[in-house]
Amino acid sequence: MASDITMDKLVALCKQRGFIFPGSEIYGGLANSWDYGPLGVELKNNLKQAWWKIFVHERLDMVGLDAAILMNPRVWEASGHISSFTDPLVDCKACHQRFRGDKLLEDKLGVDAVAGIKLEEVQPRMMAEAIACPACKKIDWTEAKRFNLMFKTKQGVVDGEGADIYLRPETAQGIFVNFKNVVQSQLMRLPFGIAQIGKSFRNEITPGNFTFRTREFEQMEIEYFFDPEATEWKGLFEDWKKSTMAFMSETVGIHADKLRFRDHAADELSHYSRGTTDIEFAFPWGWGELCAAAAYRTDFDLTQHAQFSGENLQYTDPDDNKRKITPHVIEPSFGLDRTLLALLLSSYSEEKAPTADGGEDVRVVMKFPYRLAPVKIAILPLSKKDELTSISLPLAQKLAKRWRVDHHSSQSIGKRYRRQDEVGTPFCVTVDFDTITDNAVTVRDRDTMKQERIAIADLESYFSSKL
Ligand code: GAP
């Protein structure tokens, strides 16, 4: 059965089942802010752990880092974010609402038609394409102006005083400023990478589409340093494209039909990049950027930080002490929230399922890869009676030492199965009155709905082989 997922359906399911709630909801919310609920946080942690295992622990050429969000403001001068991290802002002259001009054009013409558009071209093109204000429907736009996306605040305890300081707009700079510390403390030899997972903040002009574009989000970034004389960047770039795509298709489990690469046009590239390829996902509203599969940042960042800080950030060739180089960098950059959104969308499935009275019903199943599922096993005693819960509770506690387990005894078993399907629990274990005498339970498979009787004594090894 086709799985016709709309954003409305997904947002409703996420709230109802505890994946994602509207931020500050009891105060009427805060536009475009979202809180991850009990299941959302499990899903997020599982994604982070899988990413860290694949890109850090399973590779001998990678190490991790967790740098501070607040950094010396000179970092953002050096990185170019103060001068160049801007989006084209247009005002509607009729209702004075503000929008990102390039995004309004993209919504009508598609990403490719707008890629690389110059600031001065935005307003004339909007007028020519008769782009109406989403708020008041008039077609009357100001010239586009540059709007810096960094959140600025003050550091210090005296009101109105203190130095300007920024919330980081990318985790990458924490890696560059620690390059020397990592080389000196870890004895790393080129090529090697530094990975980091953490929050980033951007004062987006047009956030929206649920968690796709928000002002506070989490990134998982890698800076992979190499000697440009020893390694050709294009080969490395292709290797990273393959690795990021493999993560999206094999680990996140997104079907190949829903993923594609998109190369940035030369005039679309960020100020630091000589080549960038995104991975796009087929969102319900069309193709959109999922992550940056690889960006070739050259030696831009290390050179800038060396110049602005006065520190020597060169790397000494261990085979030739006289040879000092500034390494070049390939950067794969993942958005954690966006990856999680794509995971939710691609896992959503609607299927025909039999009802207890012999009829037919539609069940919603989140077909998460087992590794990412927020809850792995649900233990469901058929009744709340002590005879059953005295077996089911200790069983749940035993299995919870190895896997995330739910234990629920209320509602009909049919309703409890449906709930577990909707949160994507791979296995339900029913403890029934026969269990008292045969010491066995019924294990139901989420995807096939097939049930099998397994001895309690064999349950742990059964799940070890499956999960
Ligand atoms: N260090 C490079 C960098 O930050 P980017 O393309 O601006 O590159 C990388 O961001 C990824 O971070 C994006 O592909 C997306 O997944 C995520 N991302 C960026 N801005 C976001 C936002 N406002 N909300 C949610 N995710 C965002």
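Parameters and conventions
- Residues numbered from 1 in each chain as written.
- Predicted model: local features only at pLDDT ≥ 70, side-chain atom pairs only at ≥ 80, totals over all residues.
- Heavy atoms only, no water.
- Helix = DSSP H or I, 4+ residues; strand = E, 2+ residues; numbered from the N terminus.
- Buried < 20%, exposed > 50% of the residue type's maximum accessible area, 1.4 Å probe, protein only.
- Contact = heavy atoms within 4.5 Å.
- Areas by Shrake-Rupley, 256 points an atom, 1.4 Å probe, with all protein chains shown as cover.
- Lys, Arg positive; Asp, Glu negative; His and termini not counted.
- Charge placed at Lys NZ, Arg CZ, Asp CG, Glu CD.
- Phe/Tyr/Trp six-rings, centres within 6.5 Å; stacked < 30°, edge-to-face > 60°.
- Near = heavy atom within 4 Å.
- Axes fitted to C-alpha atoms, helices over the stretch in contact; angles between N-to-C directions.
- Left-handed = near helix turned anticlockwise from the far one by under 90°.
- Nonpolar A, V, L, I, M, F, W, Y, C, P; charged D, E, K, R; others polar.
- Expected span 1.5 Å × (residues − 1).
- Pairing = 2+ DSSP bridges.

S.K.: Tell me what's going on with the overall build of the protein chain, and back it up with residues and numbers.
M.R.: Of the regular secondary structure elements, the protein chain holds 16 helices and 23 strands. Across the 467 residues of the protein chain, 49% fall into the buried class. Once local pairs closer than 6 in sequence are excluded, the contacts in the protein chain between residues at least 24 apart make up 66%. Summing over all exposed atoms, the protein chain offers an accessible surface of approximately 22,000 Å²; the carbon and sulfur share of this is 49%. Treating the 60 positive side-chain charges of the protein chain as one cloud and the 68 negative ones as another, the clouds have centres 2 Å apart.

S.K.: Any details on the packing of aromatic side chains? Residues and values, ideally.
M.R.: This structure, assessed with the given rule, holds 27 aromatic pairs. For the pair Trp-51 and Phe-334, a centre-to-centre distance of 5.8 Å together with 80 degrees between the ring planes defines the contact as edge-to-face. Here Trp-51 is found in helix 2 (residues 38–57), whereas its partner Phe-334 is found in strand 16 (residues 328–335), with 283 residues between them in sequence. With respect to class, Trp-51 is no different from Phe-334; both count as buried. Ring geometry for Tyr-370 versus Phe-427: centroids 5.5 Å apart, planes at 65 degrees, classification edge-to-face. Here Tyr-370 is found in the loop between strand 18 (360–366) and strand 19 (377–381), whereas its partner Phe-427 is found in strand 21 (residues 427–431), with 57 residues between them in sequence.

S.K.: Explain the site of the ligand residue by residue, including any values.
M.R.: In the neighbourhood of the ligand, 20 residues make up the surrounding shell, with Glu-170, Arg-202, Glu-204, Glu-221 and Glu-289 lying closest. Expressed as a share of its isolated accessible area of 560 Å², the protein-covered part of the ligand is 91%. At the level of elements, strand 10 (216–226), strand 13 (286–298) and strand 16 are the ones that each hand at least two residues to the shell around the ligand. The biggest single contributor to the shell around the ligand is strand 13, with 5 residues.

S.K.: Lay out the packing of helix 2 against helix 10 (residues 233–251) in plain terms, naming residues and giving numbers.
M.R.: Close contact between helix 2 and helix 10 brings their axes to 12 Å; oriented N to C, the two are set at 140 degrees. Taken as a pair, helix 2 and helix 10 cross one another with a handedness that is right-handed. Here Leu-47, Ala-50, Trp-51, Ile-54 and Phe-55 of helix 2 lie close against helix 10, whose contacting residues are Trp-240, Ser-243, Phe-247 and Thr-251. The class makeup of the residues in the contact of helix 2 with helix 10 is 7 nonpolar, 2 polar and no charged.

S.K.: Which residues make up unusual backbone geometry, and what are the values?
M.R.: Omega for the bond connecting Leu-190 with Pro-191 falls within 30 degrees of zero, at -5 degrees, which places this linkage in the cis form. As for its placement among the helices and strands, Pro-191 is situated in the loop between helix 9 (179–186) and strand 9 (192–201). Here Lys-137, not a glycine, exhibits a phi torsion of approximately 70 degrees, which is positive. Relative to the helices and strands, Lys-137 resides in the loop between helix 7 (119–128) and strand 6 (145–148). Given the relative accessible area of 58%, Lys-137 is considered exposed.

S.K.: Could you give an account of helix 12 (residues 336–347), naming the residues involved and the relevant values?
M.R.: Over its 12 residues, helix 12 extends 16 Å from the first C-alpha to the last, a length consistent with the 16 Å expected when each residue adds 1.5 Å. Of all 12 residues in helix 12, 11 are buried; the element is thus mostly enclosed. Within helix 12, the full set of buried residues consists of Leu-336, Asp-337, Arg-338, Thr-339, Leu-340, Leu-341, Ala-342, Leu-343, Leu-344, Leu-345 and Ser-347.

S.K.: Describe in detail the sheet that holds strand 21, supporting the description with residues and values.
M.R.: Read across the sheet, 5 strands follow the order 20-19-21-22-23 without closing on themselves; strand pairing throughout is mixed. Each edge of the open sheet is held by one strand with a lone partner, namely strand 20 (405–407) and strand 23 (451–455). The mean inter-strand angle of the sheet, taken between neighbouring strand axes irrespective of direction, is 25 degrees. As paired strands, strand 19 and strand 20 are joined by 3 bridges and run parallel to one another. Residue pairing in the sheet places Ile-377 in a bridge with Val-405 of strand 20. Along the sheet face, helix 13 (residues 386–399) touches strand 19, strand 20, strand 21 and strand 22 (440–445) and points at about 170 degrees away from the line of strand 19. Contacts between helix 16 (residues 459–466) and the sheet are confined to strand 19, strand 21, strand 22 and strand 23, with strand 21 contributing the most and set at about 165 degrees to the helix.

S.K.: How would you explain the pairing of strand 18 if you had to name every residue and give the values?
M.R.: One ladder, built from 7 bridges, connects strand 17 (residues 348–354) with strand 18; its direction is antiparallel. By the bridge assignment for strand 18, Glu-351 is matched with Arg-363. Connecting strand 17 to the antiparallel partner strand 18 that follows it, the hairpin turn spans 5 residues, and Gly-358 within it adopts a positive phi of roughly 90 degrees.

S.K.: Help me get a handle on the sheet that holds strand 4 (residues 86–91), residues and values and all.
M.R.: One open sheet accounts for 3 strands, arranged 5-4-6; its pairing is antiparallel. The sheet is open, and its two borders are formed by strand 5 (98–100) and strand 6, each paired with just one other strand. Across this sheet, the average inter-strand angle for adjacent strands is 50 degrees, counted without regard to direction. Pairing geometry for strand 4 and strand 5, over 3 bridges, is antiparallel. In the sheet register, Leu-89 faces strand 5, and the bridge partner there is Arg-100. Of the strands in this sheet, strand 4 and strand 6 are in contact with helix 7, which crosses strand 4 at around 35 degrees.

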